[in-house]
Amino acid sequence: MRLDEIARLIGGALTGDAAFEICMIASLENAGPHDITFLSHKKHLIKLQNSKAGAAIVPPEITAGPFNRITVGDPYAAFATVSALFAEPPYTHDGIHPTALVDPSATIGNDVRIGAYCVIEKNVRIGDRTVLGHHVVVERDSAVGDDCLLYSQVTLGRKTIVGDRVIFHSGVVLGSDGFGFAESGGEYHKIQQLGWVEIGNDVEIGANTCVDRGALGPTRICSGSKLDNLIQIAHNVEVGEHSGLAAQVGISGSTKIGKCARLAGQAGLAGHLEIGDNVFVGAQSGVSKSLENNTAVFGYPARDIRKAKKIEGILSSLPEWIQRIKKLEKDKSS
Amino acid sequence: MRLDEIARLIGGALTGDAAFEICMIASLENAGPHDITFLSHKKHLIKLQNSKAGAAIVPPEITAGPFNRITVGDPYAAFATVSALFAEPPYTHDGIHPTALVDPSATIGNDVRIGAYCVIEKNVRIGDRTVLGHHVVVERDSAVGDDCLLYSQVTLGRKTIVGDRVIFHSGVVLGSDGFGFAESGGEYHKIQQLGWVEIGNDVEIGANTCVDRGALGPTRICSGSKLDNLIQIAHNVEVGEHSGLAAQVGISGSTKIGKCARLAGQAGLAGHLEIGDNVFVGAQSGVSKSLENNTAVFGYPARDIRKAKKIEGILSSLPEWIQRIKKLEKDKSS
Amino acid sequence: MRLDEIARLIGGALTGDAAFEICMIASLENAGPHDITFLSHKKHLIKLQNSKAGAAIVPPEITAGPFNRITVGDPYAAFATVSALFAEPPYTHDGIHPTALVDPSATIGNDVRIGAYCVIEKNVRIGDRTVLGHHVVVERDSAVGDDCLLYSQVTLGRKTIVGDRVIFHSGVVLGSDGFGFAESGGEYHKIQQLGWVEIGNDVEIGANTCVDRGALGPTRICSGSKLDNLIQIAHNVEVGEHSGLAAQVGISGSTKIGKCARLAGQAGLAGHLEIGDNVFVGAQSGVSKSLENNTAVFGYPARDIRKAKKIEGILSSLPEWIQRIKKLEKDKSS
């Protein structure tokens, strides 16, 4: 890959040798003389100056760095684009592996690749160019769209509906029963979980994440949303479009989340909440109340993030405040 | 299904057309003119009034709603009963799939169904009418009771003992080694985990939940208990009968929990605790001390729930309290 | 096993019958007349006195207990050693199961055992005496060392590098994509994850734990470290040697952790932190700042553990402090 081809691809201004050949993309620390690197923030400028990279993608305010540079407005977004040039195919198998069990009633699209020991049950539909690793189980009446990638050991329960360009990492379970029990006489009575899971387009779900089927109707992850590893999505939850959920987040039953949510790691949301659009929830926060659009909360229990930070600051100096109360008492009595 | 048949089944009083034919059970919002819905709490009365449902299960105090109604004392419990009428079989395969590897020394009950690519090791016993999805691994010397349902991709380690009418969702791992190491010289030395896992009757365990084998002796989940997804049960834990553990709960080694516990999502319990019967632990709470019967705790660290709520209230107004301290100081010095 | 053989093995002083035959190792509560037990701490002395054990491993200060005793400096470490005598082989299969799919380009060591339905892709190397359970997937260009044990349903993504004497429990996923997206225009753009996972020697990883591949370069778990179940290790994290991570811990991207860390259950670490050697993080703590060597922190947000305990103590008596402020105000105004 020539440097000018990369510059053209990311719409950047090239300085240096247009014909310079790039071998690989690499971090500031690890890049070698044939690699291209990128500087996302000027606080890492020293690393750029020490980097052995043969070329760098830099923001407009940077004029230092290697001889070969491409200047763009958003180097991190450019890095995303360039990373795709170096992407390796996750799987190299072709067609349907002879050990894959595909029910005759299933509809398999063109150029689909299905790995070893996969099980595709009745009435399943797999869209064009979708790739399944090994040991993927797609249970009956499910539909997976075009251009999807299901890594090895993914399980889709019956009636799961998946859009196009979706990625599921290993160990993902969609369509498990929600935690639905009626209590009477100190015992639990199971409520049959009759719903399903619906996944929009361009969704990515991380390793070992679980999405329960609805009790009635769907549990929904809307288009463009990205879920990290080990997340729990309970029955009848709805995650709006273009939302990002970090690892180990848990969302309880029937909570609806708007568009463009940002939930940091290990945050927990109670059930039956209405969460607006553009909401931010800090790491490990515990949300027990519904939230308006554009709210940012933090803490356990979650509060407005400015208030939470204020309380946190006071807590850090709480021992001194206690001393000041004691002094007031002493001064009064003396 | 006729409405009077449903009324008889749930012991309710019918108003309207006894011969009305019910197609499906549905939520207040989604029910159509051939569906039955239910009202669990009168706060949703407006939804009932707006519902297009053809029939509804309602509590005695409600006389509104559709023409066809069944009145019962506990509509939610009745919903659980009615949901079973509409339950779909999770798997439709019959007998033992030709690709399932069942060791000749295994004992397989009557009417057992075993899916594709399952592996049943030596000396395993599978009870009557138990159903295994695909890719289930049951390692040697394990026993699974009657009428169980093991979804695809479940793994039972050697010597696991499972009662009757148990449900394991996909990705469940029972019998992994506990985190047992002796430290010496700054290094870990493994303590062989020689115990096993015992699961009672009528237990349900959610997707990707892990139950470690005992270091010595069993780790036990007693009859009637329900565990949600992504839960960690460490070695030699005991969860008493009819307990409910919400998603992402973690219980450390050797902690014993009494009957009818209610542990909310992401709660964590330290090791070697004795937790009584009927204990409630709030979401994300961190329990580091043993708890008496009938205790309710909340918070990090977990405290008596009334005290925790009181402290939480004070924290919310802490900035004002700080102002009041400052004012006292100012008034004194002036 | 004779008692004097065990005494020799653990370097202990024998009291009682040297020829006494030991059947099994057992806990104080469950040991029978042919079992050996151990007392790790004198607070359990009453249990020892009530134990039916035929023999006991005790620390020097204990002279009570059964007739047959072995005295050692560290009974818990001795227990680890003795436990190995009674360890059962996790799997009994030999050689490579006929249903295991091993690519012709893979290099399989001597005395390797591979269970049913395993998939070993191109250019994989499996070292001598390594054992794979069933349904293990090792994707292309990965290397697993000697004397490893991979339980059933483990998945190693492409290019994973694993040392010797490593244990992976069921459901472990190594090499899933990290959560790497560039946001622009309110949408996520995937950054291809081009790195890999490197696991040192003598590492153990618990059930359903996930380790993401690096975005560029490796995610590393260094030699001697032990990870419990359901842990999240994000891209480009480094966990130093001989560290211990309890269940459900989450570590965000690019955080580096030194040697001999001790992270308690459900702790969370933010991204891009530098954590020194010998750091302790309490259960459920939220670490958002880098930590020096030998630091112990606790709480949410995590603070120095002594300060955190002090604040926690004040919080417990906060209602009384509020009363004292009110009294000061009242006294002033009267």
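Located above this text is the structure these notes cover.
**Here's the deal with the sheet that holds strand 33 (residues 274-275) of chain A**
Residues and elements named next belong to chain A.
So, step 1. Strand order across the open sheet formed by 9 strands is 7-10-13-16-21-24-27-30-33, with parallel pairing between neighbours. With one partner strand each, in any of the chains shown, strand 7 (107-108) and strand 33 form the two edges of the open sheet.
So, step 2. Relative to strand 24 (residues 218-221), strand 21 (residues 196-199) runs parallel, the two sharing 4 bridges. Counterpart to Trp196 in the pairing with strand 24 is Pro218.

**Brief notes about the pairing of strand 18 (residues 173-176) of chain A**
So, step 1. Alignment of strand 15 (residues 155-156) of chain A against strand 18 of chain A, held across 2 bridges, turns out to be parallel. Bridged to Thr155(A) within strand 18 of chain A is Val173(A).

**So, empty space enclosed by the protein**
So, step 1. As enumerated under the stated definition, the model contains 10 cavities of 30 Å³ or more in all.
So, step 2. Lining the largest cavity are 27 residues, and of these Tyr300(A), Leu315(A), Tyr300(B), Leu315(B) and Tyr300(C) sit closest to its centre.
So, step 3. Listing elements by their share of the lining of the largest cavity, those giving two or more residues are helix 4 (305-316) of chain A, helix 4 (305-316) of chain B together with helix 4 (305-316) of chain C.
So, step 4. Put simply, the second largest cavity is a space of about 280 Å³.
So, step 5. Together, 15 residues line the second largest cavity, and Gln266(A), Gln284(A), Gln266(B), Gln284(B) and Gln266(C) are the ones closest to its centre.
So, step 6. For the lining of the second largest cavity, the residue count by class is 6 nonpolar, 9 polar and no charged.

**Notes on the side chain of Gln153(C)**
So, step 1. Tracing the backbone shows Gln153(C) in the loop between strand 14 (149-150) and strand 15 (155-156).
So, step 2. Assessed through its relative accessible area of 6%, Gln153(C) is described here as buried.
So, step 3. Apart from residues no more than four positions distant in its own chain, Gln153(C) is found in contact with Gln153(A), His135(B), Val137(B), Gln153(B), Val154(B), Thr155(B), His134(C), His135(C), Val136(C), Gly171(C) and Val172(C).

**Some details on a nonpolar patch on the surface**
Residue and element names in this part refer to chain A.
So, step 1. On the surface, a nonpolar cluster with roughly 240 Å² of combined accessible area is contributed by Met1, Leu9 and Leu85.
So, step 2. Within the secondary structure layout, Leu9 lies in helix 1 (residues 3-10).
So, step 3. A relative accessible area of 42% places Leu9 in the partly exposed class.

**Points about the packing of aromatic side chains**
Here the distance between the centres and the angle between the planes together describe a pair of aromatic rings.
So, step 1. One pass over the structure, following the stated rule, counts 24 aromatic pairs over all chains.
So, step 2. For the pair Phe179(C) and Phe181(C), a centre-to-centre distance of 5.1 Å together with 75° between the ring planes defines the contact as edge-to-face.
So, step 3. Through pairs of rings, three or more aromatic residues link up here, namely Phe38(A), Tyr76(A) and Phe79(A).
So, step 4. Across from the ring centre of Phe298(A), 4.4 Å away, lies the NZ or CZ of Lys309(A), which sits over that ring.

**What about the pattern of salt bridges?**
So, step 1. In the structure shown here, the tally under the stated rule is 52 salt bridges over all chains.
So, step 2. In this structure, Asp331(C) engages Lys327(C) in a salt bridge whose closest nitrogen and oxygen atoms are separated by 3.0 Å. Taken as a pair, Asp331(C) and Lys327(C) lie in helix 5 (residues 318-333) at a separation of 4 residues, close to a single helical turn.
So, step 3. Here the residues in one salt-bridge network are Asp177(A), Lys190(A), Arg213(A) and Glu204(B), joined through shared partners.

**Examining the interface of chain A and chain B**
So, step 1. Opposite the 64 residues of chain A that make contact, chain B presents 65 residues.
So, step 2. When the two sides are added together, the surface that chain A and chain B hide from each other amounts to roughly 5200 Å², 60% of it contributed by carbon and sulfur.
So, step 3. Considering only the side of chain A, the residues that lose the most area to chain B are Tyr188(A), Leu216(A) and Tyr300(A), jointly responsible for 13% of the buried surface there.
So, step 4. Our count for the contact surface shared by chain A and chain B stands at 6 salt bridges.
So, step 5. Among the ionic pairs, Glu329(B) bridges to Arg324(A), the shortest N-O distance being 2.8 Å.
So, step 6. Along the contact surface separating chain A from chain B lie 35 residue pairs in polar contact (both at pLDDT 80 or more).
So, step 7. Per-element accounting of the side of chain A that touches chain B gives the leading share, 6 residues, to helix 5 (residues 318-333) of chain A.

**Some points on the interface of chain B and chain C**
So, step 1. Opposite the 64 residues of chain B that make contact, chain C presents 65 residues.
So, step 2. Regarding the contact of chain B and chain C, the summed buried area is about 5200 Å², with carbon and sulfur atoms giving 60% of it.
So, step 3. Its largest share of buried area at the contact with chain C, chain B owes to Tyr188(B), Leu216(B) and Tyr300(B), together 13% of the area lost on that side.
So, step 4. On inspection of chain B and its partner chain C, the count reaches 6 salt bridges.
So, step 5. Glu183(B) is the salt-bridge partner of Arg262(C), the closest N and O atoms lying 2.9 Å from each other.
So, step 6. Along the contact surface separating chain B from chain C lie 35 residue pairs in polar contact (both at pLDDT 80 or more).
So, step 7. Here the side of chain B that touches chain C takes 6 residues from helix 5 (residues 318-333) of chain B, the largest share from any one element.

**Comments concerning the relation of the copies chain A and chain B**
So, step 1. Relative to chain B, chain A is turned by 120° and slid 0.0 Å along the rotation axis, the superposed coordinates differing by an RMSD of 0.1 Å. The superposition of one copy onto the other is thereby described by a three-fold rotation axis.

Rules of the game
Residues numbered from 1 in each chain as written. Chains lettered and ligands numbered in written order. Predicted model: local features only at pLDDT ≥ 70, side-chain atom pairs only at ≥ 80, totals over all residues. Heavy atoms only, no water. Pairing = 2+ DSSP bridges. Helix = DSSP H or I, 4+ residues; strand = E, 2+ residues; numbered from the N terminus. 1 Å grid on protein atoms, 1.4 Å probe; cavity = no way out; pocket = protein on both sides within 12 Å on 5 of 7 lines; lining within 4 Å. Points joined across faces, edges and corners; volume = space filled by probe spheres on them. Nonpolar A, V, L, I, M, F, W, Y, C, P; charged D, E, K, R; others polar. Buried < 20%, exposed > 50% of the residue type's maximum accessible area, 1.4 Å probe, protein only. Contact = heavy atoms within 4.5 Å. Patch = residues over 30% accessible without salt bridge, like charges linked within 9 Å, V, L, I, M, F, W, Y side chains within 5 Å. Areas by Shrake-Rupley, 256 points an atom, 1.4 Å probe, with all protein chains shown as cover. Salt bridge = Lys/Arg side-chain N within 4 Å of Asp/Glu carboxyl O. Phe/Tyr/Trp six-rings, centres within 6.5 Å; stacked < 30°, edge-to-face > 60°. Lys NZ or Arg CZ within 6 Å of the ring centre and 35° of its normal. Buried area = accessible area lost by both parts, 1.4 Å probe. Polar contact = N/O pair within 3.5 Å; in protein donor to acceptor, adjacent residues only side chain to side chain. Least-squares fit on C-alpha atoms with pLDDT ≥ 70 in both.

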